[in-house]
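Listed here are the chains, written in short residue letters.
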Amino acid sequence: MSKHHSLGSTGVNRRALLSGTAALLASPFVLSSARAEAAPVNVGVIMPLSGPNAQFGINSRNGIELVADEINTAGGIAELGGAKINLVVADATSTPTTAGTVAQRLITQQDMTAVLGAFVSSLTIAISEVTERRDIPLLTMSFADQITGRGYKNIFQVVAKASVIGKAQFEYTAAIAQAAGAKIEKIAIMYEDTAYGTAQANGLRAGAKAANVEVVMDDAYPLGITDTTPLINKLRGSGAQAVFPVSYLNDSLLIIRTMRQQKLTIPAIGGAAGYVIPDFEKGLGEFAENVLSIDTSNYDLAPQLTERFRKRFGYFMVHEALEHAVCLEVLVQAIRKAKSAKAEDVAAALRGAKFTGGWINGMTGGAVQFDQTGLNVLSVPLMVQWRAKDIVTVWPKDIAKSAPVWRS
Amino acid sequence: MKRWLALAAVIVAVALLPLLLDPRGYWIRVFTFTLLFAAMAQAWNIVGGLANQTSLGHAAFFGIGAYTSTVLLLKFGISPWLGMLAGGALGGLAALVIAIPTMRLQGHYFALATLAFGEVMRVIANVWTSLTGGPGGLSVPFVPPSLAAYSFKLLRPHAYIALAALVVVTAIFEIIRRGAMGYRLRAIKQNPAAAEVIGVDTTRVKLQAAVISGALIAMLGTLYAQVAVFFDPDTVFGIASISIRIALIAIIGGVGTAAGPILGAFFIIPLEEVMNDLLSSRAAGLSQLVFGVILISVILWRPRGFITVFDSLRARLSRSGAS
Amino acid sequence: MSFLQAILDGLLIGGVYAVISIGLTLVYGVMGIVNFAQAEFLTIGMFTAWFAWAFLGLDPVLAAPLSFAVAFAIGWVVQGQLIARVLSAPSVAQIFLTVGLLIVIENGTLLLFGSQFRSVTTSYQTISLSLGPLFISIPYLIAFAMSLACGVALWWFMRASWFGRAMRATAQNPAAARLMGIDTALMYKMAFALGVGLTAFGGAVILPYVTVYPGVGGQFVVLMFTVVVLGGLGSVAGAVVGGLSVGVIQSLSSLFFPIQLQNLVLFIVFILVLAVRPQGLVGASR
């Protein structure tokens, strides 16, 4: 305990001086459970806590805090002599460079076992540039393809990539429509021009092309748009049978409401983010009913666990909270396996092994296993549908909790 | 003579600082960005201070520099040093293109026109995906470390390059300020009509200042890209993250003086970091809120920048010396 | 037909742009200050209306006067305590004081109300009138009508009331106004409070179709500047023309260009107008 504190507060050159002694000291600490209290395991949590994505950052932090508190109250990590998890939370802001600086700060100030973050793909990428050079594992649920596409060794992406999600968004929809006896021939894609929107739109486009479905409208729009009428005017003239909007909350409400105003009733299949948070239903009321959305995990896959989140925070466990909880679960399992809180030992334990149980039950595939690039190969997207104030998993069939409703 | 000695002492002291900081650590990164932002604000100062045209769109040229060198490196493997020159040329050209229609605008109109130009460049960078990678951003690839390839494992060389850049940009600023061009710019600042009458080609001088400033900040864009390693359109073309920030740094320090941007950068950048460190985990928004309050207080206290603290100190000293 | 629809949509949305921007131009016209924090009062107006809806069950449109009053009071204090101190400072200090204010208000609301997106549900939110093949969005129409009413009220106030005339006199020549016995400090407070109040009023009327969160003002900052500069900084009539122009340009440009380029088209028009007619489309040269 005291060792870590002195590490954090001594001068800038302490790393060179202490690295040797720290290594020597670390092993007795780990092995002797007779000690009153084991050194805590420092885990950096870097999230956008201010700026336009603050809401998602706070949701993510809530998920992580829930898991950490539960582990700590249950006596910490037994393999490390009951070591507690010490979350070091920091604001990534909305600028990637600042996020990188924040990561550098956390790693320099304390011995970090790992870093979790940062919801927004561009922030995650900037953080990974720092963690990679310092050999600290970074666990994330950001979607962007580049995250595990750069050959980095210390990054672990627990969910499917954006292009895969986009493709599934189309393919699942086609399958659901087919099961209901409908056939989709023309679709419209509209997405915000962010990393997430463009990457997912690429997947949608690829899916449509493979299925020989015509994309009659394919429009990016500026982030923070306050008037979607031009988009919906265009949609109305396009003759599309289904629309795939990929956006955060404000745009998603605008799009659905403007569609209603213009009496457009074609199904809208959302691209996660703004379509799978409680505020979507709060904003739309009855118009939210039966809206479909792609997602990467859902709380109804592990209801007994996610209910604890609802109890503590008062809303259902949104996917970013759940997936970050899974990040911490996987991390803790790796620490237990490595019997070490050293970053490089944990990174080695994360690679290749298969993690199951606990919060991981909330993921598709029922387990987490990272490949060479750090991508969780077992995660597949799923389709959810709004039912009253809840979202219910409706596809793929083997994990669905309810049958999908299709109205074309 | 004394002043030069003092200046040399300060430069040596600053030059020694990176040696004392953990080369993989946090403070050297903050130090490097502080130097970079000081240099950026100094480049802005040529237009914003000497020509008295408050540009709120310098991110346009900065982003051009960052993207030019990084795209040349990614697509053709060209060293960022050469890319920096190409970026500087493009940045200067862009500055010329936007200066021609906006040059005659006064005060707030100029500020708002440049703000809009910065946004134009941001939108273009977002849309032109095949060249810029779009909103997904660009990662500077890691190549074997060497000075020629502008690639280093540690931050220390980056800190020295940023320091050298600050010295060079400050020297250029001083040369302009003391030279004929500075004289002409001051004449225009005080009375454009009168300057025209005494034979100052106001158009030409303003264009020169705009191009030099634009080219310099574009070259600094390359430096930024090499340190930050990853950036997207919102980072390098951002209103808040770049345009407003560098103007703010110069203004907090003292517009139109060589020391102003340096003082401003060494106040603003570390302050942001300390705020984020101390407060960001307590309550969302608190650190930024305190930062804003400090900003307002400083402006109310010293509307003409920190530099005026030294002026009043000097005035007090000379007064007490006289009595 | 899509052309007519685009013009119609543009005018409706432009009316709202006008009312949220009038305050900005009023503050500039009277004090010569460009207020970067103006859009934050839109956020304040939206939050006020949201709380009135959530706790009093008031429709945002009816809560608009309340939003006006709250922002007016805050504006009064801000002008008296902060802006008044920099009236004679360099214009860059004025600009960056308001930037500081922007940071404080945005993060203050984040601290107080949290980061979640809040939206209201109203009965007319998803309804539109059909006019032949044209659609007229009811929430847009209501917001437009409210903006119009607000604009007319302001026009009357500036023309007919003693306060309005005194304010215009202060704008034209503060020294002369003082000689005539006008309390210019009071006029500045009045102008600033009125200006931010109008923006907050606009915030309330758009609440039926825009979600409120601490950063929402940021989405409108550049747009508001475009409106007032297109119309001519300091001209109230200009802000109306500017607002309608921006609405129509945005709406029409989406017929010919990708919607992603909406703002690009707008800003290029903006820079060109500035280059050719720096006093704005209607503004008299100041």
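None of the values given here were measured: they were computed from a predicted structure. Throughout this document, residue positions are counted from 1 along each chain, in the order its sequence is written. For this description, chains carry letters from A and ligands carry numbers from 1, given in the order in which they are written. Local features in a predicted model are, by the rule used here, given only for residues with pLDDT of at least 70; side-chain atom pairs are given and counted only at 80 or more, and totals for whole chains, interfaces and linings are based on all residues. Here the side-chain values reflect all heavy atoms present in the structure, with hydrogen atoms and water set aside.

> Just give me the short version of the packing of helix α5 (residues 107-127) of chain B against helix α11 (residues 262-276) of chain C, but keep the residues and values in it.
For the pair α5 of chain B and α11 of chain C, interaxial distance at closest approach is 9 Å and the crossing angle is 150°. In terms of orientation, α5 of chain B and α11 of chain C fall into the roughly antiparallel class. Between α5 of chain B and α11 of chain C lies a crossing of left-handed hand. Across the interface between the two elements, Tyr109, Leu112, Ala113, Ala116, Phe117, Glu119, Val120, Val123 and Ile124 of chain B of α5 of chain B pack against Leu264, Phe267, Ile268, Phe270, Ile271 and Leu274 of chain C of α11 of chain C. Only C-alpha atoms enter the line fits that serve as axes; for helices the fit covers just the stretch in contact. Angles between N-to-C directions range over 0 to 180 degrees. Working definition: helices are DSSP H or I runs of at least four residues, strands are E runs of at least two. Numbering for both runs from the N terminus. Orientation categories follow fixed angle ranges, with anything under 35 degrees roughly parallel, anything over 145 roughly antiparallel, 65 to 115 roughly perpendicular, and all other angles oblique. The handedness criterion is simple: a crossing whose near helix is rotated anticlockwise from the far helix by less than a right angle is left-handed, and one whose near helix is rotated clockwise is right-handed. The criterion used for residue contact is that any of the two residues' heavy atoms lie within 4.5 Å.

> Outline the packing of helix α7 (residues 156-178) of chain B against helix α8 (residues 180-190) of chain B, listing residues and values.
All names here are of chain B. At a closest axis distance of 4 Å, the pairing of α7 and α8 adopts a crossing angle of 65°. Taken together, α7 and α8 sit at an angle that is classed as roughly perpendicular. In this structure, α7 contributes Ile176, Arg177 and Arg178 to the contact, and α8 contributes Ala180, Met181, Gly182, Tyr183, Leu185 and Arg186. Gly is put with the polar residues, along with every residue not named as nonpolar or charged; the nonpolar set is Ala, Val, Leu, Ile, Met, Phe, Trp, Tyr, Cys and Pro, and the charged set is Asp, Glu, Lys and Arg. Here the contact of α7 with α8 is built from residues that sort into five nonpolar, one polar and three charged.

> Run through the confidence of the model for chain B, naming residues and quoting values.
All names here are of chain B. For chain B, the mean per-residue pLDDT works out to 90, and 98% of the residues sit at or above 70. Helix α3 (residues 59-76) holds the highest mean pLDDT among the elements of chain B, 96, whereas helix α15 (residues 307-322) holds the lowest, 77. On the interface metric, ipTM, the complex scores 0.89, and its pTM is 0.89. Per residue, pLDDT measures the predictor's confidence, with a range of 0 to 100.

> Explain the nonpolar core to me, and be specific about the residues and the numbers.
Generally speaking, nonpolar side chains in soluble globular proteins are found buried as a group. Counting residues in each nonpolar core, the largest one holds 352 residues, and the members touching the most others are Leu235 and Phe280 of chain A together with Phe96 of chain C. Two domains each provide a minimum of three residues to this core, namely domain 1 (2-160 + 300-369) and domain 2 (163-295 + 382-399) of chain A. Here the nonpolar core consists of buried residues drawn from Ala, Val, Leu, Ile, Met, Phe, Trp, Tyr and Cys, with membership extended through side-chain atoms lying within 4.5 Å. Only protein chains enter the area calculation, which uses a 1.4 Å probe; residues under 20% of their type maximum are buried, those over 50% are exposed, and those in between are partly exposed. Domain boundaries shown here were taken from an automatic or database domain assignment.

> Explain helix α12 (residues 239-253) of chain B residue by residue, including any values.
Within an α-helix, residues lying three or four positions from one another point in the same direction, as the helix has 3.6 residues per turn. Residues and elements named next belong to chain B. Between its terminal C-alpha atoms α12 stretches 20 Å, which fits the 21 Å expected from 15 residues at 1.5 Å a residue. Note that bend, as reported per residue, equals the angle between axes fitted to the 7 residues terminating at that residue and the 7 residues originating from it. Taking the largest bend as the criterion, α12 deviates by roughly 35°, centred on Arg245. Among the 15 residues that make up α12, 13 are buried, leaving the element largely enclosed by the rest of the structure. By this rule the span expected of a helix is its residue count minus one, scaled by 1.5 Å.

> Give a description of the sheet that holds strand β2 (residues 85-91) of chain A that names residues and reports values.
Residues and elements named next belong to chain A. Spatial strand order, β2-β1-β3-β4-β5: five strands in an open sheet with parallel pairing. Here the strands that pair on one side only, and so sit at the sheet edges, are β2 and β5 (155-157). In this sheet, adjacent strand axes meet at a mean angle of 20° when their direction is disregarded. Any two strands between which DSSP finds at least two bridges are classified as paired. Pairing analysis gives seven bridges linking strand β1 (residues 41-47) to β2, with the strands arranged parallel. If you follow Val43 over to β2, its bridge partner there is Leu87.

> Requested: an account of the sheet that holds strand β9 (residues 269-271) of chain A, with residues and values cited.
All names here are of chain A. In spatial order, the strands read β9-β10-β13-β14; together these four strands make up an open sheet with mixed pairing. A single partner strand is all that each edge strand has here, and the edge strands are β9 and β14 (390-395). On average, each strand axis in the sheet is inclined to that of its neighbour by 35°, with strand direction left out of account. Here strand β10 (residues 292-295) runs beside strand β13 (residues 382-387); their pairing, made up of four bridges, is antiparallel. Pairing of Ile294 across the sheet is with Met383, part of β13.

> Give me the lowdown on the pattern of salt bridges, citing residues and values where you can.
Residue and element names in this part refer to chain B. The salt bridge criterion pairs a side-chain nitrogen of Lys or Arg with a carboxyl oxygen of Asp or Glu, the two atoms within 4 Å. Tallied over the entire structure, the rule returns 19 salt bridges over all chains. A salt bridge links Arg122 to Asp234, with the shortest nitrogen-to-oxygen separation between them at 3.1 Å. Here Asp234 lies in helix α11 (residues 233-236) and Arg122 lies in helix α5, a separation of 112 residues in the sequence.

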